[in-house]
Amino acid sequence: MTTSRNDVLFERAKKLIPGGVNSPVRAFKAVGGTPRFVQRAQGAYFWDADGKRYIDYIGSWGPMILGHGHSGVIEAVQKAMMDGFSFGAPTEREVELAEEIVKLVPSIEMVRLVSSGTEAAMSALRLARGATGRSKIIKFEGCYHGHTDALLVKAGSGLATFGNPTSAGVPPEAVQHTLVLEYNNIAQLEECFALHGKQLACLMMEPICGNMNFVRATLPFMKRCRELCTAYGALLIFDEVMTGFRVALGGAQSLYAELIPGFKPDMTALGKVIGGGMPLAAFGGSKAVMEMLAPLGAVYQAGTLSGNPVATACGLATLREVQKPGFYEALAERTRSLVTGLTAAANKAGVPFCGDSQGGMFGFFLLGQLPQNYATVMTTDSPAFNRFFHAMLDKGVYYAPALYEAGFVSAAHTAADIEATVDAATQFFAHR
Ligand SMILES: *Cc1c(COP(=O)(O)O)cnc(C)c1O
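Everything numeric here is computed off the predicted structure, so don't read it as measured data. (Residues numbered from 1 in each chain as written. Predicted model: local features only at pLDDT ≥ 70, side-chain atom pairs only at ≥ 80, totals over all residues. Heavy atoms only, no water.)

1. A look at the overall build of the chain
Reasoning step 1: When its secondary structure is counted, the chain shows 13 helices and 18 strands.
Reasoning step 2: The C-alpha atoms of the chain give 21 Å as radius of gyration, which agrees with the globular expectation for 432 residues (22 Å, within 12%).
Reasoning step 3: If you line up the chain on its principal axes, its C-alpha atoms span 60 × 55 × 45 Å.
Reasoning step 4: Expressed as a percentage of the 432 residues in the chain, the buried residues total 54%.
Reasoning step 5: A separation of at least 24 residues holds for 72% of the contacts in the chain among residues at least 6 apart in sequence.
Reasoning step 6: Within the structure as shown, the chain displays about 18,500 Å² of accessible surface, and the carbon and sulfur contribution to it stands at 55%.
Reasoning step 7: Charged side chains in the chain number 37 positive and 37 negative. The centres of these two groups are separated by 3 Å. (Helix = DSSP H or I, 4+ residues; strand = E, 2+ residues; numbered from the N terminus. Rg over C-alpha atoms; globule rule 2.2 N^0.38 Å. Buried < 20%, exposed > 50% of the residue type's maximum accessible area, 1.4 Å probe, protein only. Contact = heavy atoms within 4.5 Å. Areas by Shrake-Rupley, 256 points an atom, 1.4 Å probe, with all protein chains shown as cover. Lys, Arg positive; Asp, Glu negative; His and termini not counted. Charge placed at Lys NZ, Arg CZ, Asp CG, Glu CD.)

So this is what it looks like as structure tokens:
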């Protein structure tokens, strides 16, 4: 039996790093097997420690919208690097990146740069509480906003009660102000506002939820979220860490704004694509709210590496590329063709399967119809998903190793990559 270098590395890693990984989903715990240790990546592909090539549908969980090793981005990063890695003092590129973000996302008048999506969501939450002088918050089951204590919570037994921590080490007191509701459930939302509306600092949501695979907020639900927040003086926070610059140039909010006149969130968290693969994230909103942040206001927030000069160079170069005419149209077309192809392959073999996509983000389900909330997503036959995952992995196609994660297509994926992927799926479904 030949020994895989992935196995060797995983054994070495497990001795020193809990679970062998620095972020849990990478460990393949849900699907079983050995995680692939990535050696290098280029365009739509990466190569593992055994030199095997994969078509990459994760793209670092979203950031790599241009594909790996984009020449323009590499050039910008190399140039920035030569001028210094970090100064702990302001730089021109931070201003440029802020200008780009404000130009592209109309609801953002002012922005603060941070280093991770967790930080962005956590800081937006603190600011919302500071701005409103209220403590309670709403989040939805299945939405992920990073691993800050107050947001690591699942639904409790009823609306009048608060959620339960989803992690050990989070004291019940830390989530005592967090109300967890079902995504797309208008009646529950209304009931919650009726009970707690006057004490709510904010409602935080993923407008298209990529942390329960791919579930859109329905139009009536989104309308109601906006109306109720406005009526009760709570801030509507869009966590667009995943969807920002991924589903459309203006993020998911631009799509809802096309359908709901005058629509915008009060605050937005960004990450992933705006860093182009470097640790960079941001949160922003109206000038009135953002001016409550230190050093202007009383809400404290800080970061040694915030606005890092190399990360901002990477993010800026990425944002310049995605603004080229036709970028999202081409990306969306390619992504759609993947979902359509997979669905046709499965359905032809009599396998229940459906999917959805927006821009360069997609989801697929081994279900007869698209789910609207977390509980339905989790009705997926998980052994069947795992068989599909491993069959595709063997054939050199790398999907997210968990059935509740979204997938990502980059501008580097070609029609031939999609075709090869659909062919692999066709073979699996036919011989399953
Ligand atoms: C990835 C993600 C986060 C967390 O970002 P990190 O950079 O991993 O801390 C927060 N919210 C959403 C919607 C995400 O997809």
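That covers the picture; the talk isn't over yet.
2. Some points on the domain arrangement of the chain
Reasoning step 1: Entries for the chain in the domain assignment read domain 1 (5–69 + 325–430) and domain 2 (71–322).
Reasoning step 2: Look at where the C-alpha atoms of domain 1 and domain 2 centre, and you get two points 25 Å apart.
Reasoning step 3: Contacts between the two partners involve 31 residues from domain 1 and, on the opposite side, 33 residues from domain 2.
Reasoning step 4: Both sides together, the interface formed by domain 1 and domain 2 hides about 2,600 Å², and carbon and sulfur atoms give 61% of it. (Domains from an automatic or database assignment. Buried area = accessible area lost by both parts, 1.4 Å probe.)

3. Topic: the packing of helix 12 (residues 382–394) against helix 13 (residues 415–431)
Reasoning step 1: The contact between helix 12 and helix 13 brings their axes to 10 Å, and the two run at 130 degrees. Between helix 12 and helix 13, the angle is such that the two are oblique. Two packed elements cross with a definite hand, and for helix 12 against helix 13 that hand is right-handed. Contacts from R387, F388, A391 and M392 in helix 12 reach T421, A424, A425, F428 and F429 in helix 13.
Reasoning step 2: Of the residues contributing to the contact of helix 12 with helix 13, the split by class is seven nonpolar, one polar and one charged. (Axes fitted to C-alpha atoms, helices over the stretch in contact; angles between N-to-C directions. Parallel < 35°, antiparallel > 145°, perpendicular 65-115°, else oblique. Left-handed = near helix turned anticlockwise from the far one by under 90°. Nonpolar A, V, L, I, M, F, W, Y, C, P; charged D, E, K, R; others polar.)

4. Some details on helix 7 (residues 251–259)
Reasoning step 1: Along helix 7, the positions that sit buried rather than exposed are G251, A252, Q253, L255 and Y256.
Reasoning step 2: Where helix 7 is buried, its residues contact strand 10 (208–209), strand 11 (215–216), helix 6 (219–232), strand 12 (235–240), strand 13 (267–270) and strand 15 (354–358).

5. A closer look at the site of the ligand
Reasoning step 1: Every residue near the ligand is listed here: S116, G117, T118, Y144, H145, G146, E206, N211, D239, V241, M242 and K272.
Reasoning step 2: In the environment of the ligand, a nitrogen atom lies 2.7 Å from a nitrogen or oxygen atom belonging to the side chain of D239.
Reasoning step 3: Here an oxygen atom of the ligand sits 2.6 Å away from a polar atom, N or O, in the side chain of K272.
Reasoning step 4: Burial of the ligand by the protein amounts to 81% of the accessible area it has alone, namely 380 Å². (Near = heavy atom within 4 Å. Polar contact = N/O pair within 3.5 Å; in protein donor to acceptor, adjacent residues only side chain to side chain.)

6. Some words on the sheet that holds strand 9 (residues 200–205)
Reasoning step 1: Judged by pairing direction, the sheet is mixed, and its seven strands sit side by side in the order 4-14-13-12-9-5-8 without closing on themselves. Bordering the open sheet on either side are strand 4 (110–114) and strand 8 (178–181), each of which pairs with just one other strand. Geometrically, the sheet is characterised by an average inter-axis angle of 20 degrees between neighbouring strands, direction not taken into account.
Reasoning step 2: Bridge count for strand 12 against strand 13 is four bridges, and the pairing is parallel. Residue pairing across strands places I237 opposite M267, the latter belonging to strand 13. (Pairing = 2+ DSSP bridges.)

7. Focus on the packing of helix 3 (residues 92–104) against helix 9 (residues 309–322)
Reasoning step 1: As a packed pair, helix 3 and helix 9 sit with axes 9 Å apart at the nearest point and diverge in direction by 35 degrees. Read as a crossing pair, helix 3 and helix 9 show a hand that is left-handed. Note on element contacts: helix 9 touches helix 3 through P309, T312, A313, G315, L316, L319 and R320, opposite R93, E94, E96, L97 and E100.
Reasoning step 2: Split into classes, the residues belonging to the contact of helix 3 with helix 9 amount to five nonpolar, two polar and five charged.

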